[in-house]
Amino acid sequence: VLRNAFKEHKNAAELIDKVEAELETVLSYRSQSIPVIETSVGNELRHDLKQLQIYIDEFITDPKDRIWLSQNVRLLQQYLGQGSLSWRDECMSENLLWIKQQTESPKIIAWAHNGHIQKNKNKMGNFLVDELGDAYVTVGFTFYDGSYTAICPGSNQWTHKAQRAYPGTLEYLLMQLKEPIFILDLKKMKHDNSPIMEWIDNLKFRHVGAVKIDSE
C-alpha cells in the first residue's frame, strides 16, 4: 500500500525499501514463542517510520488516503512494541476503535480470546470500556471437550484434542445441563447479587490460547 502510494516519489520509495529490509531482521523469538525486538534496528525503524509519516503528511492530499496510509505506518509502530502483553492489548483496542471510526455503523463485533475481551487492567476490554463505557458488551465462550487450533512449540501440528473437563470445572458443571449450546447470563446474575455467583467464581475455567498447553 505504501509502496504504491509513493511510486513516483524517489526519497519515500527508497525509505520504504529500507524499512522493508529492516523489518526482515528486527524480530526474533525466545522461549514460548515470545517475540523480541532487536534494539538498534528497532530504534532505526522508529526513526524511519516517523520520516515516512512526514512524507504522508506532506505529499498525500486526499484525506481518506492519508488516514489509510497513516494507519499502515501505525501498525508497523505497534509491531515494534512486541514483547509486552499489555501493549498488545492496547494496540488491539486502538485498532478496533480505528476500524469503528471508519464506518457509519453503530455496532461492531470482534472475535478475540476470552483473556483479551475481559475488563481487567491492561486487557483489551479494559481499554475499550474506557472509550465505549456500557456500549462495550462481552460474550465469553467455553466448551466441555473437542479440539482446537493452536501453536505447539517444536511441532508442526496445529489441531489439538482438548483436555476433557472434569468435576470442579465450570465446563463440567454446565455439561450436566444436557443442553448442547446455550447462553448463561452472568451479567444479570451479578446485577441481582445471586449467591450462585460466588460458587461459580470458585470453579476452574478452561484457558486455551494461541499456544498449546498440557493443563488447560
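Computed from a predicted structure; not experimentally measured.

Some thoughts on helix α5 (residues 85-101)
Item 1. With 17 residues, α5 extends 25 Å between its outermost C-alpha atoms, agreeing within 8% with the 24 Å of an ideal straight helix rising 1.5 Å per residue.
Item 2. All buried positions along α5 are accounted for by D89, C91, S93, N95, L96, L97 and W98.

Some remarks on the confidence of the model for the protein
Item 1. Confidence in the prediction of the protein, expressed as mean pLDDT, is 90, and 96% of residues score 70 or more.
Item 2. Confidence, read as mean pLDDT per element, is least for strand β1 (residues 27-30) in the protein (67) and greatest for helix α7 (residues 124-132) (96).

Regarding the nonpolar core
Item 1. Of all hydrophobic cores here, the largest spans 18 residues; its most connected members are L2, F6, L52 and I56.
Item 2. Residue assignment for this core shows that the elements contributing at least two residues are α2 (10-26), α3 (39-59) and α4 (63-79).
Item 3. For this core, the leading source of residues is α3, giving six residues.
Item 4. Excluding residues that lie within four positions of it along the chain, F6 makes contacts with A12, A13, I16, L52, Y55, I56, F59 and I60.

Digging into a nonpolar patch on the surface
Item 1. Together, L177, F182, L184 and L186 line one region of the surface with nonpolar side chains, adding up to about 320 Å² of accessible area.
Item 2. Along the chain, F182 turns up in the loop between α8 (170-175) and α9 (186-191).

Comments concerning the packing of aromatic side chains
Aromatic ring pairs are defined here through the distance separating the ring centres and the angle between the ring planes.
Item 1. Enumeration over the complete set of coordinates arrives at three aromatic pairs.
Item 2. Across from the ring centre of F143, 4.3 Å away, lies the NZ or CZ of R206, which sits over that ring.

As for the packing of α2 against α3
Item 1. It is the contact of α2 with α3, at a shortest axis distance of 10 Å, that shows an interaxial angle of 150 degrees. One element, α2, and the other, α3, form an angle in the roughly antiparallel class. Relative to α3, α2 is oriented so that their crossing is left-handed. Here α2 contributes N11, A12, L15, I16, K18, V19, E22, L23, T25 and V26 to the contact with α3, which in turn contributes V41, G42, E44, L45, D48, L49, Q51, L52 and Y55.

Brief notes about the pattern of salt bridges
Item 1. According to the stated counting rule, one finds 11 salt bridges in the structure shown.
Item 2. Between D48 and K18 there is a salt bridge; the shortest N-O distance is 2.5 Å. Of the two residues, D48 sits in helix α3 while K18 sits in helix α2, which places them 30 residues apart along the sequence.
Item 3. Under the relative-accessibility criterion, D48 is labelled buried at 4%.
Item 4. For K18, a relative accessible area of 33% translates into the label partly exposed.
Item 5. Across the pair E94 and R74 runs a salt bridge whose closest N-O atoms are separated by 2.7 Å.

Some thoughts on the side chain of E216
Item 1. Tracing the backbone shows E216 in the segment after α10 (196-201).
Item 2. The buried category is assigned to E216, whose relative accessible area is 13%.
Item 3. Among the polar contacts made by the side chain of E216, one reaches the side chain of R206 at a distance of 2.5 Å.
Item 4. Not counting the four nearest positions on each side in its chain, E216 is found in contact with Y148, K161, A162, Q163, F205, R206, H207 and V208.

Side note on the packing of α3 against α4
Item 1. Two numbers describe how α3 lies on α4: the axes approach to 10 Å, and their chain directions differ by 175 degrees. Taken together, the axis directions place α3 and α4 in an arrangement best described as roughly antiparallel. Where α3 abuts α4, its residues L49, L52, Q53, I56 and D57 lie against R66, L69, S70, V73, L76 and Q77.
Item 2. A class-by-class count of the residues in the contact of α3 with α4 yields six nonpolar, three polar and two charged.

Considerations on α3
Item 1. Between the first and last C-alpha of α3 there are 30 Å, a value that for 21 residues agrees with the 30 Å anticipated at 1.5 Å per step.
Item 2. For α3, the full list of buried residues reads V41, G42, L45, D48, L49, L52, Y55 and I56. Projection of α3 onto a plane perpendicular to its axis shows the buried side chains occupying an angular sector of 125 degrees, all on one side. Across from the buried face of α3, at angles greater than 90 degrees, the exposed residues are T39, H47, K50 and E58.

Here is what the cut-offs are and how they apply
Residues numbered from 1 in each chain as written. Predicted model: local features only at pLDDT ≥ 70, side-chain atom pairs only at ≥ 80, totals over all residues. Heavy atoms only, no water. Helix = DSSP H or I, 4+ residues; strand = E, 2+ residues; numbered from the N terminus. Expected span 1.5 Å × (residues − 1). Buried < 20%, exposed > 50% of the residue type's maximum accessible area, 1.4 Å probe, protein only. pLDDT = per-residue confidence, 0-100. Core = buried A, V, L, I, M, F, W, Y, C linked by side-chain atoms within 4.5 Å. Contact = heavy atoms within 4.5 Å. Patch = residues over 30% accessible without salt bridge, like charges linked within 9 Å, V, L, I, M, F, W, Y side chains within 5 Å. Areas by Shrake-Rupley, 256 points an atom, 1.4 Å probe, with all protein chains shown as cover. Salt bridge = Lys/Arg side-chain N within 4 Å of Asp/Glu carboxyl O. Phe/Tyr/Trp six-rings, centres within 6.5 Å; stacked < 30°, edge-to-face > 60°. Lys NZ or Arg CZ within 6 Å of the ring centre and 35° of its normal. Axes fitted to C-alpha atoms, helices over the stretch in contact; angles between N-to-C directions. Parallel < 35°, antiparallel > 145°, perpendicular 65-115°, else oblique. Left-handed = near helix turned anticlockwise from the far one by under 90°. Polar contact = N/O pair within 3.5 Å; in protein donor to acceptor, adjacent residues only side chain to side chain. Nonpolar A, V, L, I, M, F, W, Y, C, P; charged D, E, K, R; others polar. Arc of directions from axis to C-beta.

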